[in-house]
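# Commentary on secondary and tertiary structure
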There are 2 protein chains.
Amino acid sequence: MTEIAIQPERLLQDLETLRSFGRCGSGVVRPAYSEADVAARRWLAGRMAEAGLQPVFDPVGNLFGLPPGSAPCLLMGSHSDSQPEGGWLDGAYGVIAALEVARASLECGGPPVAAVSFQDEEGRFTTLTGSRIWAGLMPLDRADEMTDDEGTTLAEARRTMAALDGGAFVAPDRFTAFVEAHIEQGPVLDSEGGRIGVVENIVGIRSERYRFEGQQNHAGTTPMRLRRDAFQGLAEFVTLLNVRLAPLVTLATVWTIGHVALHPNASSIVPGRVDCTVQWRDAEVGRLDRMEAVIRTTAEEVAGARGLGCTRSAYAAIEPTRMEPALAARIEQAARQLAPGLWRRMPSGALHDAANVSHLLPAAMLFVPSKRGISHSFEEDTAHDDLVLGARVLAAAATAV
Amino acid sequence: MTEIAIQPERLLQDLETLRSFGRCGSGVVRPAYSEADVAARRWLAGRMAEAGLQPVFDPVGNLFGLPPGSAPCLLMGSHSDSQPEGGWLDGAYGVIAALEVARASLECGGPPVAAVSFQDEEGRFTTLTGSRIWAGLMPLDRADEMTDDEGTTLAEARRTMAALDGGAFVAPDRFTAFVEAHIEQGPVLDSEGGRIGVVENIVGIRSERYRFEGQQNHAGTTPMRLRRDAFQGLAEFVTLLNVRLAPLVTLATVWTIGHVALHPNASSIVPGRVDCTVQWRDAEVGRLDRMEAVIRTTAEEVAGARGLGCTRSAYAAIEPTRMEPALAARIEQAARQLAPGLWRRMPSGALHDAANVSHLLPAAMLFVPSKRGISHSFEEDTAHDDLVLGARVLAAAATAV
């Protein structure tokens, strides 16, 4: 079988160029549908064309690069949007690695490979928006009503890409399987000196927005006993959750309150309202359900005891996903060959587009290490050798039988 | 002694007009130096001139309306800026009541009275910025370096009023004493059916900004035990403070965390940094000191135990202030006369410009009721009869011997 010879300097150069869109320090500020994100996608479409792939944007802004011919082929890729303040490799690595493998395979007469950059993987509107809609897990008209933290709807955001819209979704039967390369975004490979992770499953993730409503008032004249301070309620909720979730969880279970907004958020006003997003992840559906029950009852208890209103919204759930065993075995075979003794099977604590795509196609993932496990941060980084090795494993997996 | 006959309909009409600047629902959005605030001050200067007063803006944006002649006279007033989202009477009432008393006194040949609207009473930059600088409690060049929550400096904000700047501060020896009328902003008068409050002292207020710094990271791949989550630190800090302050305080003591900012504030990122402002008020310096010590040590303990950095900034303190007894007696005499059995002596739980002015001149205050004690809110309101009665008491106090 033809070996697909990727060009390391091209891989690294394309990663540098992609970083330049929305670059900020060593990281990027490139949230989905931002000017920088759309500019990056235009550039990616051009690079796909130069590589001999046909660039196709769908109505959500997912960008596919299709090889010549209509025979079903392997699809590789990830996403090129970033967190509000993200690193240069989260998503970008899998997109550029896929582009280079697809290009190199055409160049050397290997099997046809398609590349993709899904839109809004980072959850400006919901978790994995672009691949979720492409996989048919959420109808576009319902998705269009979803809002980001500023109240902008997806429908409004999509208009920024209207000029690029190919008008239709790429038919999934164009592809035989999906392989996503990604940085680990965790400390496992880095701390063990591993260089390739073969992903066995992706943890499930749930998230919900909570609103506590009390009485906005003057911070000097309202006696403590008469206050209905929404932020005090949130502080108690967060503190109680740590106590109540502890007995239910494993060492791999996580929960996070990462977004909080007080109203009116002024130092001389008792906060009348606070919104926060609670997110929790685990590999078992049953545990996710038990955590959900504890989170809901704790919020209602705290609110009830303090005379606060408590409402929930924007519930989102993605169940744990098992990677397709035969496809994972192809990646493992390539890792054995190219990184003997330096690879391992592992779960993904982070959610990835592969979780959505697995509803349509056999899907698998490979990881490269994240220095000190840091991601979703400007400090996110991976050794160049590991970036190149990951792409070589991806290329080998594309040709493996 | 001439009786100063105020015109109720003029008082209420001017209050309505002032509300129209930055009006939002029943309240106002008119923070210091905002477009609406500067427009309101221009209008006030015009009304002062129509009333026969000479309008004078100082470099900070404080607006004085000076009566004819140079004989030292009584100064009355308050402030016309609002909280980021405030009510229509907080500050505005004392300014318009002073303007009407000064106007009416000129009309009926009463004693000369000056009116003032101090700038940034609501603490965009620091507590009582305008009166603090006018009273010589903070040099202008130092004040100019202070920033608001968005990082704008006072120097930058002042430029929005440069065209109005008279170029100098009004000499305090132009005035014999200061009387400030204000809504109570608390529940005392309203709950007891009182109509006039004669203020005996103003509680002291301290505030300080705290920053907790941890490690920003991915909310899915960072095990709970390895996290340094700045917001979790804040939640514990807030919860512990309630326990540790309880034994130190009186029923009138208050503390508030009203402003909180997470960084980067995204639901899929472990917060790497959080800023908050802690504010505490009490009538005794010793108690304010003891609370300060508890707040500081608790923040350091929580940060230390969680591997977070903890830094403090923007410390501000205004000590408790006793109103000038003879001046308070003049107000009480007028209240006895005009609201027999419906007035009371009381402390002010809210801070007011009178606290700063008392460093220069004998100062006193009178309160009118706040419906349901609500203030710093669009719901803030006071019965028209009480607004008129308060202005009449103010006028009578101006003529009392």
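Residues numbered from 1 in each chain as written. Chains lettered and ligands numbered in written order. Predicted model: local features only at pLDDT ≥ 70, side-chain atom pairs only at ≥ 80, totals over all residues. Heavy atoms only, no water.

## Some words on the overall build of chain A
Operational definition: Going along the chain from the N terminus, every DSSP run of H or I of four or more residues is numbered as a helix, and every run of E of two or more is numbered as a strand. With the radius of gyration taken over C-alpha atoms, the globule rule is written as 2.2 Å times the number of residues to the power 0.38. Under the scheme applied here, a residue whose accessible area is under 20% of the maximum for its type counts as buried, over 50% as exposed, and between as partly exposed, the area being computed with a 1.4 Å probe on protein chains only. Contact between two residues is taken to exist if any of their heavy atoms lie within 4.5 Å; hydrogens are not considered. Computed by Shrake-Rupley with a 1.4 Å probe, the accessible areas treat only the displayed protein chains as cover when residues are assessed. Working convention for charge: Lys and Arg count positive, Asp and Glu count negative, and His plus the chain ends are omitted. Working definition for charges: the position is that of NZ of Lys, CZ of Arg, CG of Asp or CD of Glu.
Looking only at helices and strands, chain A has 12 helices and 17 strands in total. Rg of the C-alpha trace for chain A: 22 Å, near the compact-globule value of 21 Å for 401 residues, within the 12% margin. Taken over 401 residues, chain A has a buried fraction of 60%. In chain A, once contacts between residues fewer than 6 apart in sequence are set aside, the share between residues at least 24 apart is 78%. Of the roughly 13,900 Å² of accessible surface on chain A, a fraction of 52% belongs to carbon and sulfur atoms. Positive and negative side-chain charges in chain A, numbering 37 and 50 respectively, have mean positions lying 3 Å apart.

## A look at the sheet that holds strand E13 (residues 273-282) of chain A
All names here are of chain A. This is how it is decided: The pairing criterion for strands is at least two bridges between them, as found by DSSP. Each axis is a line fitted through C-alpha atoms, taken for helices only over the stretch in contact, and angles between the N-to-C directions span 0 to 180 degrees.
Overall, antiparallel pairing links the 4 strands, which are arranged E11-E13-E9-E14 in an open sheet. A strand with exactly one partner marks an edge of an open sheet, and here the two such strands are strand E11 (254-263) and strand E14 (309-318). Neighbour to neighbour, the strand axes of the sheet diverge by 15° on average, direction disregarded. Both strand E9 (residues 204-213) and E14 contribute to a ladder of 8 bridges, which runs antiparallel. If you follow Ser207 over to E14, its bridge partner there is Ala316.

## Concerning the interface of chain A and chain B
Where we set the bar: Any Lys or Arg side-chain nitrogen located within 4 Å of an Asp or Glu carboxyl oxygen qualifies as a salt bridge. Polar contacts here mean pairs of N or O atoms no more than 3.5 Å apart (in protein, one a potential hydrogen donor and the other a potential acceptor; neighbouring residues in sequence count only if both atoms are side-chain atoms). Polar here means any residue outside two lists: the nonpolar Ala, Val, Leu, Ile, Met, Phe, Trp, Tyr, Cys and Pro, and the charged Asp, Glu, Lys and Arg; Gly therefore counts as polar.
The partner chain B presents 56 residues to the 55 residues of chain A that form the contact. Inspection of the chain A/chain B interface yields 0 salt bridges. Counting across the interface, chain A meets chain B through 23 residue pairs in polar contact (both at pLDDT 80 or more). Looking at the side of chain A that touches chain B, the elements with two or more residues in it are strand E10 (217-218), helix H8 (230-245), E11, strand E12 (269-270) and E13 of chain A. At 9 residues, the largest contribution of residues to the side of chain A that touches chain B is made by E11 of chain A. For the side of chain A that touches chain B, the per-class residue count stands at 21 nonpolar, 28 polar and 6 charged.

## Re the relation of the copies chain A and chain B
Applied cut-off: To line up the copies, we fit them by least squares on C-alpha atoms, keeping just the residues with pLDDT of at least 70 in both.
Overlay of chain A on chain B (RMSD 0.0 Å): rotation 180°, translation along the axis 0.0 Å. Here the copies are linked by what is in effect a two-fold axis. Scanning chain A for the C-alpha nearest the rotation axis identifies Ala235 of chain A, at a separation of 2.3 Å. Of the interface residues in chain A, 100% have counterparts in chain B that sit at the interface too, so the contact is made through matching surfaces.

## Some points on the side chain of Asp81 of chain B
All names here are of chain B. As for its position among the elements, Asp81 is in the loop between strand E5 (73-79) and helix H3 (92-107). It is Arg41 that comes nearest to the buried, bridge-free Asp81 among opposite-charge side chains, at 4.2 Å. A polar side-chain atom of Asp81 sits 3.0 Å from the main-chain amide nitrogen of Glu122. Non-local contacts of Asp81, meaning those with residues more than four positions away in its chain, are made with Arg30, Pro31, Ala32, Asp37, Arg41, Asp90, Phe118, Gln119, Asp120, Glu121 and Glu122.

## Comments concerning unusual backbone geometry
Residues and elements named next belong to chain A. Omega for the peptide link from His263 to Pro264 comes to 0°, which places this bond in the cis form. Note that Pro264 resides in the loop between E11 and E12. The backbone of Asp120 shows a phi angle near 50°, a positive value even though the residue is not glycine. Among the structural elements, Asp120 can be located in the loop between strand E6 (113-118) and helix H4 (129-134). The phi dihedral of Ala314 falls on the positive side, at around 50°, and the residue is not glycine.

## Looking at the packing of aromatic side chains
Residues and elements named next belong to chain A. Let me state the cut-off plainly: Any two rings among Phe, Tyr and Trp, with Trp reduced to its six-membered ring, count as a pair given centres within 6.5 Å; such a pair is stacked if its planes are under 30 degrees apart, edge-to-face if over 60, and tilted if neither. Any Lys NZ or Arg CZ that is within 6 Å of a ring centre and within 35 degrees of that ring's normal is treated as a charge sitting over the ring.
Tallied over the full model, the rule gives 20 aromatic pairs over all chains. Considering the side-chain rings of Phe64 and Trp134, the 5.2 Å spacing of their centres and the 50° angle between planes classify their relative orientation as tilted. Of this pair, Phe64 sits in strand E4 (residues 63-66) while Trp134 sits in helix H4, placing them 70 residues apart in sequence. In this structure, Phe64 and Trp134 share a single accessibility class: buried. Seen in terms of ring centroids, Phe118 and Phe178 are 6.0 Å apart; in terms of plane orientation they differ by 70°. Their pairing is edge-to-face. One end of the pair, Phe118, is in strand E6; the other, Phe178, is in strand E7 (residues 175-183), and 60 residues separate them in sequence. Feature note: the residues Phe64, Phe118, Trp134, Phe175 and Phe178 constitute an aromatic cluster, connected by ring pairs. Above the ring of Tyr315, the side-chain terminus of Arg296 is found at 5.6 Å from the ring centroid.

## Digging into the packing of helix H1 (residues 8-19) of chain B against H3 of chain B
Residues and elements named next belong to chain B. What counts, and what does not: Here is the rule for angles: anything less than 35 degrees is roughly parallel, anything more than 145 is roughly antiparallel, 65 through 115 is roughly perpendicular, and the remaining ranges are oblique. Each crossing is labelled by how the near helix is turned from the far one, with a counterclockwise turn of less than a right angle marking it left-handed and a clockwise turn marking it right-handed.
One can describe the packing of H1 onto H3 by two numbers: an axis separation of 10 Å at closest approach and a directional angle of 140°. Overall, the two elements H1 and H3 adopt an arrangement that is oblique. Here H1 and H3 pass one another in a crossing that is right-handed. Counted together, Arg10, Leu11, Asp14, Leu15 and Leu18 of H1 and Ala92, Tyr93, Ile96, Ala97, Leu99, Glu100 and Arg103 of H3 form the full contact between these two elements. Residue classes in the contact of H1 with H3 are distributed as 8 nonpolar, no polar and 4 charged.

## Description of the nonpolar core
What counts, and what does not: Think of a nonpolar core as a cluster: buried Ala, Val, Leu, Ile, Met, Phe, Trp, Tyr and Cys residues, connected wherever their side-chain atoms sit within 4.5 Å.
Ranked by size, the top nonpolar core spans 71 residues in total, and within it Leu15, Met76 and Tyr93 of chain A carry the most contacts. Once residues within four sequence positions are removed from consideration, Met76 of chain A is found in contact with Ala98, Val101, Val113, Ala114, Ala115, Val116, Phe178, Val179, Leu394 and Ala398 of chain A.

## Some words on the sheet that holds strand E14 (residues 309-318) of chain B
All names here are of chain B. Judged by pairing direction, the sheet is antiparallel, and its 4 strands sit side by side in the order E11-E13-E9-E14 without closing on themselves. Only two strands of the sheet have a single neighbouring strand rather than two, namely strand E11 (254-263) and E14. The sheet shows a mean angle of 15° between the axes of neighbouring strands, taken without regard to direction. With 10 bridges joining them, strand E9 (residues 204-213) and strand E13 (residues 273-282) adopt antiparallel strand pairing. Following the sheet pairing, Gly204 is matched in E13 by Asp282. In this fold helix H8 (residues 230-245) packs onto E9, E11 and E13, with an angle of close to 15° to the strand it touches most, E13.

## Description of the UniProt feature "binding site: Zn(2+) 1" (unreviewed entry) in chain A
Residues and elements named next belong to chain A. Operational definition: UniProt positions are given in the numbering used here, feature names are shortened, and annotations may be inferred rather than shown by experiment.
On the UniProt side, "binding site: Zn(2+) 1" (unreviewed entry) is annotated at positions that read His79, Asp90 and His182 here. For the residues just named, distributed over 104 residues, the greatest C-alpha separation is only 9.6 Å, placing them together at one site. We classify His79 as buried; its relative accessible area is 0%. When neighbours within four sequence positions are excluded, His79 is seen to be in contact with Asp90, Gly91, Ala92, Val95, Ser117, Phe118, Glu121, Glu122, His182 and Asp353.

## What about the domain arrangement of chain A?
Residues and elements named next belong to chain A. Note the threshold: The split into domains, and so the bounds of each, comes from an automatic or database assignment of domains. Here the quantity called buried area is the total loss of accessible area, with a 1.4 Å probe, experienced by two parts when brought into contact, counted for both.
According to the domain assignment, chain A consists of domain 1 (8-202 + 321-399) and domain 2 (204-318). The distance between the C-alpha centroids of domain 1 and domain 2 comes to 33 Å. Both sides of the domain 1 and domain 2 interface together cover about 750 Å² of buried area, and 51% of this is carbon and sulfur. Summed over the three residues of domain 1 that lose the most area to domain 2, namely Thr127, Asp149 and Leu351, the buried surface amounts to 50% of that side.

## Describing the pattern of salt bridges
For side chains of opposite charge, pairing can occur when their charged atoms come near one another. A complete count under the given rule lists 58 salt bridges over all chains for this structure. Arg296 of chain A is paired through a salt bridge with Glu208 of chain A; the nearest N and O atoms lie 3.2 Å apart. A residue pair is termed long-range when its members are at least 10 positions apart, and Arg296 of chain A in helix H9 (residues 285-306) and Glu208 of chain A in strand E9 qualify at 88 residues. What makes Arg296 of chain A partly exposed here is its relative accessible area of 24%. Its relative accessible area of 3% is what places Glu208 of chain A among the buried residues. The shortest N-O distance in the salt bridge between Glu284 of chain B and Arg287 of chain B comes to 3.6 Å. With relative accessibility at 11%, the residue Arg287 of chain B sits in the buried group. Each of Arg206, Glu208, Asp289, Glu292, Arg296, Glu300, Arg312 and Glu319 of chain A takes part in a single network of salt bridges with overlapping partners.

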